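The chain contents come next:
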Amino acid sequence: MYLFGVSYFEKTIFKEIFQVVFILYIMTEVFIFSYTSLKNRKNLNKKKGDKGSCLVLVLGTITIIFLNLFCRKNYLMILPEIMFWIGCAVIIVGIILRLYSVLTLGRSFTVSVQVDLEQKIIQTGPYRYIRHPAYSGSILSLIGITLALRSIIGTIVTITIIAVIYGYRIRIEEKILENSLKTDYQEYKKNTKRIIPFIW
């Protein structure tokens, strides 16, 4: 059974590969949610300040996926087939980066914005270069899904939605981290970028 049929992919191999990659993406998110929930039960000493950003990310992600399915189904300015392969590769890179980032942060990683009152700044792995590599991974996966579905309109709208939802999330998160970790976080910010190494 295919999750995505001929309305979205004209070739069987495209349907098969995208289904495997997409299921891997979903399974990774389920694992991260379960992993985070288990860790948080063991550590209740947290300062919370999500301000709805978790819900914004979830709704934004769902919107991006269904919007691109709609655009692809209605053949709204379709990109060349090579973009499918690039998109699938980008999804996989995003999955690996997000998973690596979550495991590197360990019990300090949370789905909603909250800070452990005894938290230390992690500066190993991807956190050595960027402050929010788990978000970088998510963004890569969403862009990969968009490219694999190959709609120009879907791609443009996706980038706009990503800028809005992750821009909001990062502002909320960095504010609570600055308030909690004070000068340590300020120093960390000077030596790192938000989501793109050496750029931004």
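This is a predicted model, so every value here is computed, not measured.

Caption draft 1: Spatial organisation of the UniProt feature "transmembrane region" (unreviewed entry) in the protein. The UniProt entry lists residues 17–38, 50–70, 82–100 and 139–168 under the feature "transmembrane region" (unreviewed entry), expressed in the numbering used here. Taken end to end, residues 82–100 is 100% helix and 0% strand, and its first and last C-alpha atoms sit 28 Å apart. Spanning residues 139–168, this segment combines 93% helix with 0% strand, and its end C-alpha atoms are found 14 Å apart.

Caption draft 2: Spotlight on a nonpolar patch on the surface. Residues Tyr 129, Ile 196, Phe 198, Ile 199 and Trp 200 make up a contiguous nonpolar surface patch of about 580 Å² in total accessible area. For Tyr 129, a relative accessible area of 39% corresponds to the partly exposed category.

Caption draft 3: The arrangement of the packing of aromatic side chains in detail. Under the definition given, this model contains 10 aromatic pairs. Ring centres of Phe 14 and Phe 84 lie 4.2 Å apart, and the angle between their planes is 15°; this geometry places the pair in the stacked category. Separated by 70 residues along the polypeptide, Phe 14 in helix α1 (residues 12–41) and Phe 84 in helix α3 (residues 82–105) bring together distant segments of the chain. Relative accessible area serves as the criterion here: at 0%, Phe 84 is assigned to the buried category.

Caption draft 4: Region of interest: α3. The end-to-end C-alpha distance of α3 is 35 Å, a good match for the 34 Å that 24 residues give at a rise of 1.5 Å each. Every buried residue belonging to α3 is among Met 83, Phe 84, Gly 87, Cys 88, Val 90, Ile 91, Gly 94, Ile 95, Arg 98, Ser 101, Val 102 and Leu 105, and all of these are buried. Looking one or two residues beyond α3, the residue adopting positive phi is Gly 106, at roughly 65°.

Caption draft 5: Inspection of the pattern of salt bridges at higher detail. The final tally for this structure, using the stated rule, is nine salt bridges. Salt-bridge contacts for Arg 72 lead to Glu 10; the nearest nitrogen and oxygen are separated by 3.0 Å. Here the residue Arg 72 occupies a position in helix α2 (residues 53–73), and Glu 10 occupies one in the segment before α1, the gap between them amounting to 62 residues. Residue class for Arg 72 comes out buried when judged on its relative accessible area of 2%. Across the salt bridge formed by Arg 169 and Glu 173, the nearest N and O atoms sit 3.7 Å from each other. Highlighted residues: Arg 169 and Glu 173, both in helix α5 (residues 152–190), separated by four residues, approximately one helical turn. Residue Arg 169 is classed as buried on the basis of its relative accessible area, which comes to 1%. Under the relative-accessibility criterion, Glu 173 is labelled buried at 17%.

Conventions used here
- Residues numbered from 1 in each chain as written.
- Predicted model: local features only at pLDDT ≥ 70, side-chain atom pairs only at ≥ 80, totals over all residues.
- Heavy atoms only, no water.
- UniProt positions renumbered as here; feature names shortened; annotations may be inferred.
- Helix = DSSP H or I, 4+ residues; strand = E, 2+ residues; numbered from the N terminus.
- Patch = residues over 30% accessible without salt bridge, like charges linked within 9 Å, V, L, I, M, F, W, Y side chains within 5 Å.
- Areas by Shrake-Rupley, 256 points an atom, 1.4 Å probe, with all protein chains shown as cover.
- Salt bridge = Lys/Arg side-chain N within 4 Å of Asp/Glu carboxyl O.
- Buried < 20%, exposed > 50% of the residue type's maximum accessible area, 1.4 Å probe, protein only.
- Phe/Tyr/Trp six-rings, centres within 6.5 Å; stacked < 30°, edge-to-face > 60°.
- Expected span 1.5 Å × (residues − 1).

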